[in-house]
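Spelled out, the chains give:
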Amino acid sequence: MPLSNEDIVKLKEKAWSIRRMIIQTTIWAGGGHVGGALSQTDILAALYFHYMKIDPKNPGLEDRDRLVLSKGHGGIGLAVVLAEAGYYKDELLKDFNHTGSSFGMHLDKLKVPGVDASTGSLGHGLSISVGLALGAKLKKASWRTYCILGDGECGEGSIWEAAMAAKHFNLDNLIGFLDRNMLCIDGETEKVMALEPLTDKWKSFGWNTISIDGHDFAQIGDAIEKAKAFTGGPTMIIARTVKGKGVEYMEGKAAWHYGGLDSGMAEKALASIDRAYGKA
Amino acid sequence: MAETGLTYTVYDADHMTQAEIYGAVLTRLGGERPDIVALTADLAKSTKIGKFGEKYPERFFNVGIAEQNLFGVGAGLALAGFTPFISTFAVFTSLRAAEQVRTDICYQKLNCKIIATHSGVSFGQAGTTHHCTEDISVMRSFAGMTVIVPADGIETAKAVAACCDWEGPVYIRIGRGFEPRCYENDQYDFQIGKSIQMADGSDLTVIACGPSVQHAVEAAKVLKAEAGLSVRVLNMHTIKPIDKDAIISAVHDTRRIITAEDHSTIGGLGTSVAEVIAETGKSCLLRKLGIPDQFAIVGYPDDLYNHYKIDADGIIEAANAIMGTELEADEDWEDEF
Ligand SMILES: Cc1ncc(C[n+]2csc(CCOP(=O)(O)OP(=O)(O)O)c2C)c(N)n1
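Residues numbered from 1 in each chain as written. Chains lettered and ligands numbered in written order. Predicted model: local features only at pLDDT ≥ 70, side-chain atom pairs only at ≥ 80, totals over all residues. Heavy atoms only, no water.

(A) Highlighting the site of the ligand. In the neighbourhood of the ligand, 24 residues make up the surrounding shell, with His-73, Asp-151, Leu-183 and Lys-243 of chain A together with Glu-67 of chain B lying closest. A distance of 2.8 Å is found between an oxygen atom of the ligand and a backbone nitrogen or oxygen belonging to Leu-183 of chain A. Between Glu-67 of chain B and the ligand, the recorded distance is 2.6 Å, taken from a side-chain N or O atom to a nitrogen atom. Considered on its own, the ligand offers 590 Å² of accessible surface; in the complex 99% of this is hidden by protein. Of the residues contributing to the shell around the ligand, the split by class is six nonpolar, nine polar and nine charged. (Near = heavy atom within 4 Å. Polar contact = N/O pair within 3.5 Å; in protein donor to acceptor, adjacent residues only side chain to side chain. Areas by Shrake-Rupley, 256 points an atom, 1.4 Å probe, with all protein chains shown as cover. Nonpolar A, V, L, I, M, F, W, Y, C, P; charged D, E, K, R; others polar.)

Below, the structure written as structure tokens:
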């Protein structure tokens, strides 16, 4: 069933508040991977607030859907989503990155409820996801594994080892999202190490591929529905996104991969997000 | 031959990170040596190797986020007769690409110079995925690898210049940010494999590397003033080949040794020193300060150095404890068996 207009309105509200909270947490943390956290936001919002079977009161629920944030530096964004979903209180984020906190830049599964795998070293998450999906098949369980990849991250050879395995084992319970924001740290992916034709690469590895606008909830929803219905292999949803989405001065800028915000910049960022959602 | 007397002034050392100094030195060396090429994996900005790339784009290769490929490509360039400088974070160098470094570079005795940044817990807030408290242990176990841990920015400049003329693979580990300055100027003799005595003493020796050197120097001053202790401080900037003579002299002269490092207590400087002590056959008390057998907590580097007792406070505490411990005579052991 496609997302209804009401669903979309609800998800937009969530995305608005997640984006604001990412800025707020970046201030508390003294800096953060704000660009990539903002580009993945709508995908995470659709998954956690509509599609994934989860129980924030019972993070270990056996039958829950799993999500592996393979681009683990998006941890600041996932931490906000998990707070918003009710795994823990927002206030805990005030200590993000501080000495002794449970929250570092890259989330630790043993310390943060709701995190399904500790990530941060790029190129690991898809292999872990293959293992999870294989485990679900072995158990004849119906839960799915979602994996969020960075585009720059696809430079890692291990991603392609996992890609081959996912098809080999015909893991139709594994759904990947590729956050195709066209940037890594040192600049544009196509200049640093060209990835294109990227969709063809996934196709040639035997994956079902779907290309969408990663900031359009109707398209995100539609892609997830199709991926869930697809049998016989894994699906990669290649989501065109904008790094820094929602904060005008960050959008499309590699320099905002990681950054700190003074109060003036933070205010501008929040105002920009409010404008984008017609809240100003 | 690369000049080692560098123009790195106290101003530079105070205003540039170790990595920035590395980038500047490498760029200068690039002008003198057309055989130098530089490689990174999407960390040109973070490791500052990109400075070389700005000046010599045709000799600079960014392979994207692919560390195993990075070190393999570096090996190939060395086989083709170049002197590759290769930089990414320490964890991705020593763990992700460990086999490429061992088998492609060390096994073939290739002239690759690996400058790894963000070592130890210097990228404290990033957590375990970005900490690297195992690299000294891993790298020193590779046959033929030279392992250097500069104490500060000035020493980083000297080490980078010195490794150019040192035959074979070299691993230099530096931190992330503004490590404390240890040297007043660059007027001292830096030789790979030769430790530097920062202070002489007869009661106790502190052997340190990296940011712990400055902490040890401070601790020695406090221990002198407050406890009247005479503390020798050795900057063991080269972990391999290690300066055995300096360690043996310390055993002989002081009988009490503390090691301090931003690294696991397993396999790093402390273990290297312990190996030398054990082979002397002489009794000596040893305390190894470092990250214990745990994944470190998240936090600011200075807080973590304090938490894990590898800063001046921690060294002072360990010094007082070790001074209160007697060296047991062999007969005293009888009742323990
Ligand atoms: C194995 C590994 N190499 C390098 C890094 C350092 N690093 C962190 S984020 C990043 C760039 C990631 O780019 P991309 O995957 O495109 O993510 P996004 O643009 O969505 O933030 C790099 C190189 C890392 N975390 N892991």
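There's more to say after this.
(B) Layout of the sheet that holds strand S8 (residues 204-208) of chain B. All names here are of chain B. Pairing within the open sheet is mixed, and its five strands lie in the order S7-S9-S8-S11-S12. At either margin of the open sheet sits one strand with a lone partner, and together these are strand S7 (196-199) and strand S12 (285-291). In this sheet, adjacent strand axes meet at a mean angle of 25 degrees when their direction is disregarded. As paired strands, strand S11 (residues 256-264) and S12 are joined by six bridges and run parallel to one another. Bridge pairing links Ala-260 to Leu-289 in S12. The sheet contacts of helix H10 (residues 212-227) involve S7, S8, strand S9 (231-235) and S11, and relative to S9 the element is tilted by about 170 degrees. Packing of helix H14 (residues 312-323) onto the sheet brings it into contact with S8, S11 and S12, and relative to S11 it is tilted by some 150 degrees. (Pairing = 2+ DSSP bridges. Helix = DSSP H or I, 4+ residues; strand = E, 2+ residues; numbered from the N terminus. Axes fitted to C-alpha atoms, helices over the stretch in contact; angles between N-to-C directions. Contact = heavy atoms within 4.5 Å.)

(C) Structural context of helix H5 (residues 125-138) of chain A. All names here are of chain A. For H5, spanning 14 residues, the distance from its first C-alpha to its last is 20 Å, which sits close to the expected 20 Å at 1.5 Å a residue. Those residues of H5 that sit buried are Gly-125, Leu-126, Ser-129, Val-130, Leu-132, Ala-133 and Ala-136. With its buried residues spanning 165 degrees around the axis, H5 presents them on a single face. A positive phi of about 55 degrees marks Lys-140, the residue just after H5. (Expected span 1.5 Å × (residues − 1). Buried < 20%, exposed > 50% of the residue type's maximum accessible area, 1.4 Å probe, protein only. Arc of directions from axis to C-beta.)

(D) Expanded view of the side chain of Lys-243 of chain A. Residue and element names in this part refer to chain A. Summarising the element assignment, Lys-243 is placed in the loop between strand S5 (235-240) and helix H10 (263-276). Put simply, Lys-243 is tucked away with no salt bridge, and the nearest opposite charge, on Asp-151, sits 6.5 Å away. Here His-257 takes part through its side chain, which lies 2.9 Å from a polar atom of the side chain of Lys-243. Among all residues touching Lys-243, those that are not within four sequence positions of it are Gly-35, Gly-36, Ser-39, Asn-181, Leu-183, Cys-184, Met-250, Glu-251, Gly-252 and His-257. (Lys, Arg positive; Asp, Glu negative; His and termini not counted. Salt bridge = Lys/Arg side-chain N within 4 Å of Asp/Glu carboxyl O.)

(E) Region of interest: the pattern of salt bridges. A complete count under the given rule lists 27 salt bridges over all chains for this structure. For Arg-20 of chain A, the salt bridge goes to Asp-274 of chain A, with nearest N and O atoms at 2.6 Å. You can see Arg-20 of chain A sitting in helix H1 (residues 5-29) and its partner Asp-274 of chain A sitting in helix H10, a full 254 residues away along the chain. For Arg-20 of chain A, a relative accessible area of 27% puts it in the partly exposed group. Residue Glu-156 of chain A is joined to Arg-96 of chain B by a salt bridge in which the shortest nitrogen-to-oxygen separation is 3.2 Å. One end of the pair, Glu-156 of chain A, is in the loop between strand S2 (145-150) and helix H6 (157-168); the other, Arg-96 of chain B, is in helix H6 (residues 90-96), on a second chain. The structure contains a network of salt bridges with shared partners spanning Asp-151, Arg-180, Glu-190 and Glu-196 of chain A.

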